[in-house]
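Listed here are the chains, written in short residue letters.
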Amino acid sequence: MEGVSSLDEPLKKLLGGATAKVMAEHLDLHTVGDLLHHYPRRYEERGKLTALTDLPLDEHVTVVAQVADARILMFNNGRGKRLEVTLTDGSGRLQLVFFGHGVHKPHKELLPGRQAMFAGKVSVFNRKMQLAHPTYQLLDASDADEASEAVDAFAGRLLPIYPACKQLDSWRIAKAVDAVLPSARDAVDPLPASLREGRGFTPLPEALLKVHRPQTRADIEDAKARLKWDEAFVLQVALARRRYADTQLPAAARRRVADGLLDAFDAKLPFTLTEGQEKVSKEIFDDLATEHPMHRLLQGEVGSGKTMVALRAMLAVVDAGGQAAMLAPTEVLAQQHHRSITEMMGELAEGGMLGGSDRGTKVVLLTGSMGAAARRQALLDLVTGEAGIVIGTHALIEDKVRFHDLGLVVVDEQHRFGVEQRDALRSKGKQPPHLLVMTATPIPRTVAMTVFGDLETSVLDQLPAGRSPIASHVVPAKDKPHFLARAWERVAEEVENGHQAYVVCPRIGDDAEEAEGRGGKKAKAKKAAPEEDGEKRPPLAVLEIADQLRGGALSGLSVEVLHGRMHPDEKDDVMRRFAAGDVDVLVATTVIEVGVNVPNATAMVIMDADRFGVSQLHQLRGRVGRGSAPGLCLLVSEAHEASPARARLSAVAATLDGFELSRIDLEQRREGDVLGQAQSGVRSSLRMLTVIDDEEVIAAAREEAVAIVAADPELERLLELRTVLAALLDKEREEYLDKG
């Protein structure tokens, strides 16, 4: 199809090798089409200055501002010189620094009153925001030619500011866009004509032109409305097709049986299920009774009783003659689930054993590090059907594992499992098994519709009776060291009252590279220029903090460590002793983030809390306050009071509502994540759509997509849409959809 070709041209043909290489490596842009879809992040009006007051720390930014003053300072007894320039924009000030030989040109050009565009990484030095060695382009150059060239490059009053990187400034990206803009007229329009006209959208080539080189603010709005819709719509069509394909698959119906395992289990429950648990269980039982595979996402707040709901679904399937498998992301978690499920079931988990119930079944554990004999026995129990329930890590997916009749797969913490693993496990059944995905990360409705759009969603939002509130506080360790001392006193008080505590650190602290960063060559090289204080210290480490606490604030208490590099038996031993109350304080990495359940643990101190994401902090905090005593969570941070990192921590301290926090998290990460900066190695296909603000667009696009796919599942009458879908669903983006 002739229209596709010019957008598929590799960038190096038009831009030259060096620029194309930077674009590929740092911005993940490879073709003309990729660059046309690399939209400006925002637009500056000529003569109007950006707010310098709310620049994000540690991010690469582009600002348009005016020079207030510039001066050269000497240091190192006159051997070194640096240029300090202060910028102003009416709202705030920003410091620029240039060192060594790099000071001459800016010293001549950056005179007070001059206006320019500056690009660099924001850091803090002496409590002031600064850009070290930024690149810049004068917007009011004294040389008339230079000035007109700068003006031509940004024709019109609106300067597009592009998501950039250290190696390539926004204005160089703008020049590259100019080179490829003529190809926009070949863009294939994915929207059926009736839909485009019905909704009054600008044609795609025109929208691309307007988004990159708008003449007016109205142009930008026009372009955005169209481009947002395309993203939402194409994605929703992809998801609708996947849901449609799933409904065509056959599955064995697993109908609920009276007087079986499930009824016996319910009869011995020491509490009644919450209304939410009853409602969600009914949705699941209804799905299991149909002849198409269930695909359901169960989201629930930390501690809302998801495991209980999943276990009842597993028991219902065993009653109906099938087997159920639960997949956990780590060995610690698989062991934890196995322990808690066998405890909940009691003699019902000992089917076929002496003293077991005649209605019982075997519950086996299968992980990569099991001994050969135990593993052989577990595999045998699965293939004969002796074991109705198996809990394991991805070791379950291996070729050697055979089931007698796999009826249900429960996946814990979906975001750690890709579609390949889901499919591998699915192929273990005689027919595709039913699938229940659990996540404790609350997901706003629009994200669920976008990221988990191929799953039906159930939400557990009530906490079971008897769960205690958790008080959370930010501890500013740098500004107020006595607050940190008080935090350790609080931990000691909790232990004195018969409780236990967690201390969480971002790092383990025992590998060579980390050691080098602390004391080896790298650290020395850094010392030479104290002015370039951009580098942060390494994150705090489990092993160091544990030693400090044993020798200091918590001496006399039993302090143990838990991290991912320990031998599984060792990890299990520490967890058992902590659960039994023999360990007072557990210093750990985020291995405790999901599923660890010790009701007697009431306090948690999270070191370097600003290094964790919002939802991760919420998950971690959910490990305390699981019993009848109130929980306490202390977020220790050295982050600057005005920084976005501190704002994030304050938000976490202010609310226990995970859905509210996930919204805040999205809003704060919007530029990085949702607009498709490279995030965790996979580029999101969302560049214009912000999942928070565009709920109506996503919901409407979903409705249109469902109707179109129902009428024409193969899109035979919509070839352009098929072409664009094929491009969207290349390997990488398909992974993005599946992993969320």
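Computed from a predicted structure; not experimentally measured.

Q: Please explain the packing of helix α14 (residues 331-345) against helix α22 (residues 568-580) as it appears in this structure.
A: Helix packing for two helices is described by the angle between their axes and how far apart those axes are. Between α14 and α22, the shortest axis-to-axis distance is 10 Å and the interhelical angle comes to 50 degrees. Relative to α22, α14 is oriented oblique. Two packed elements cross with a definite hand, and for α14 against α22 that hand is right-handed. Seen from α14, the contacting residues are Glu 331, Val 332, Gln 335, Gln 336 and Arg 339; seen from α22, they are Pro 568, Lys 571, Asp 572, Met 575 and Arg 576. Of the residues belonging to the contact of α14 with α22, the class tally is three nonpolar, two polar and five charged.

Q: Help me out: how do you make sense of the nonpolar core in this one?
A: The nonpolar side chains of a soluble globular protein tend to be buried with one another. Counting 55 residues, the largest nonpolar core has Tyr 502, Val 503, Val 585, Val 587, Ile 592, Ile 606 and Met 607 as the members making the most contacts within it. Apart from residues lying up to four places away in sequence, Met 607 is in contact with Trp 488, Val 503, Val 504, Cys 505, Pro 506, Leu 540, Ile 545, Phe 612 and Val 636. Counting residues in each nonpolar core, the second largest holds 40 residues, with Leu 269, Leu 315, Ala 316 and Ala 349 among its members.

Q: What is the right way to read the packing of aromatic side chains from this model?
A: Both the distance between ring centres and the angle between the ring planes are used here to describe each pair of aromatic rings. The tally for this structure, following the rule as stated, stands at six aromatic pairs. Ring geometry for Phe 75 versus Phe 99: centroids 6.4 Å apart, planes at 90 degrees, classification edge-to-face. With Phe 75 in strand β2 (residues 60-75) and Phe 99 in strand β4 (residues 93-99), this residue pair connects regions lying 24 residues apart in the sequence. Considering the side-chain rings of Trp 229 and Phe 233, the 6.2 Å spacing of their centres and the 15 degrees angle between planes classify their relative orientation as stacked. Here Trp 229 and its partner Phe 233 are both found in helix α10 (residues 217-247), four residues apart, which amounts to about one turn of the helix. Comparing Trp 229 with Phe 233, the two get one shared label, buried. Three or more aromatic residues joined by ring pairs form one cluster here, namely Phe 98, Phe 118 and Tyr 136.

Q: Even after reading the chapter, I still don't get the pattern of salt bridges, so can you show me in this structure?
A: Side chains that carry opposite charge are capable of pairing whenever their charged atoms lie near each other. Inspection of every chain in the model, using the stated rule, returns 37 salt bridges. In this structure, the salt-bridge partner of Arg 241 is Glu 714, at a minimum N-O distance of 3.6 Å. With Arg 241 in helix α10 and Glu 714 in the loop between α26 (695-711) and α27 (719-728), this residue pair connects regions lying 473 residues apart in the sequence. By sharing partners, the salt bridges in this structure join Arg 486, Glu 489, Arg 490, Glu 493 and Glu 494 into a single network.

Q: What exactly am I supposed to notice about the sheet that holds strand β12 (residues 387-392) here?
A: Through backbone hydrogen bonds, the strands of a sheet pair up, either in parallel or in antiparallel fashion. In spatial order, the strands read β11-β12-β10-β13-β14-β9-β15; together these seven strands make up an open sheet with parallel pairing. Edge positions in the sheet fall to β11 (362-366) and β15 (456-460), since each has one partner strand and no second. Each adjacent strand pair in this sheet contributes to an overall mean axis angle of 20 degrees, direction not counted.

Q: Sorry, what's going on with the sheet that holds strand β19 (residues 585-588) here?
A: Read across the open sheet, the six strands follow the order β16-β21-β20-β17-β19-β18; overall the sheet is parallel. The sheet is open, and its two edges are formed by β16 (470-476) and β18 (559-562), each paired on a single side. This sheet shows a mean twist of 20 degrees between the axes of neighbouring strands, independent of strand direction. As judged from the five bridges shared by strand β17 (residues 500-504) and strand β20 (residues 601-606), these two strands associate in the parallel manner. Within the sheet, the bridge partner assigned to Val 504 lies in β20 and is Ile 606. Helix α23 (residues 614-621) contacts β16, β17, β20 and β21 (631-637) of the sheet and is inclined by roughly 150 degrees relative to β20. Here helix α24 (residues 644-654) sits on the sheet and contacts β16 and β21; the angle it forms with β16, its principal contact strand, is near 160 degrees.

Q: Looking at this structure, I do not really get unusual backbone geometry. What am I missing?
A: Trans is the prevailing form of peptide bonds, just as negative phi is the prevailing case for residues other than glycine. Its identity is not glycine, yet His 133 carries a phi of approximately 50 degrees, on the positive side. Its location among the elements puts His 133 in the loop between β6 (128-132) and β7 (135-138). Residue His 133 is classed as partly exposed on the basis of its relative accessible area of 38%. Even without a glycine there, the phi angle at Asp 608 is positive, about 50 degrees.

Q: In this structure, what is going on with the packing of helix α13 (residues 306-319) against α14? I would like to understand it.
A: Their axes nearest at 12 Å, the elements α13 and α14 cross at an angle of 70 degrees. Taken together, the axis directions place α13 and α14 in an arrangement best described as roughly perpendicular. Crossing geometry of α13 relative to α14 is assigned as right-handed. Contact residues: Thr 307, Met 308, Leu 311 and Leu 315 in α13; His 337, Ile 341, Met 344 and Met 345 in α14. When the residues that make up the contact of α13 with α14 are grouped by side-chain class, the tally is six nonpolar, two polar and no charged.

Q: I tried to follow the environment of Phe 612 on my own but got confused; where do I start?
A: Structurally, the position occupied by Phe 612 is in the loop between β20 and α23. Given a relative accessible area of 5%, Phe 612 falls into the buried group. It is 9.9 Å that separates the C-alpha atoms of Phe 612 and Arg 648, two residues lying 36 residues apart in sequence. Excluding residues that lie within four positions of it along the chain, Phe 612 makes contacts with Val 504, Cys 505, Pro 506, Thr 590, Ile 606, Met 607, Leu 617, Leu 620 and Arg 648.

Q: Got a minute to help me understand the environment of Leu 111 in this structure?
A: When you line up the elements, Leu 111 lands in the loop between α5 (104-109) and β5 (115-125). We classify Leu 111 as partly exposed; its relative accessible area is 40%. For the pair Leu 111 and Val 85, spaced 26 residues apart in sequence, the C-alpha to C-alpha distance is 9.0 Å.

Q: So what exactly am I meant to see when it comes to the confidence of the model for the chain here?
A: If pLDDT is low for a region, its predicted coordinates should not be looked at in detail. Per-residue confidence for the chain gives a mean pLDDT of 81, with 82% of residues at or over 70. Predicted confidence for residues 670-684 stays below pLDDT 50, and this span has 40 contacts to residues more than four positions away or in other chains. In this model, residues 734-740 is a region of pLDDT below 50 whose contacts with residues beyond four sequence positions or in other chains number 27 contacts.

Q: Which parts of the structure should I look at to understand the side chain of Gln 277?
A: Looking at the element boundaries, Gln 277 is found in helix α12 (residues 275-288). For Gln 277, the side chain forms a polar contact with the main-chain nitrogen of Thr 274, separated by 2.9 Å.

Thresholds, definitions, all that
Residues numbered from 1 in each chain as written. Predicted model: local features only at pLDDT ≥ 70, side-chain atom pairs only at ≥ 80, totals over all residues. Heavy atoms only, no water. Axes fitted to C-alpha atoms, helices over the stretch in contact; angles between N-to-C directions. Helix = DSSP H or I, 4+ residues; strand = E, 2+ residues; numbered from the N terminus. Parallel < 35°, antiparallel > 145°, perpendicular 65-115°, else oblique. Left-handed = near helix turned anticlockwise from the far one by under 90°. Contact = heavy atoms within 4.5 Å. Nonpolar A, V, L, I, M, F, W, Y, C, P; charged D, E, K, R; others polar. Core = buried A, V, L, I, M, F, W, Y, C linked by side-chain atoms within 4.5 Å. Buried < 20%, exposed > 50% of the residue type's maximum accessible area, 1.4 Å probe, protein only. Phe/Tyr/Trp six-rings, centres within 6.5 Å; stacked < 30°, edge-to-face > 60°. Salt bridge = Lys/Arg side-chain N within 4 Å of Asp/Glu carboxyl O. Pairing = 2+ DSSP bridges. pLDDT = per-residue confidence, 0-100. Polar contact = N/O pair within 3.5 Å; in protein donor to acceptor, adjacent residues only side chain to side chain.

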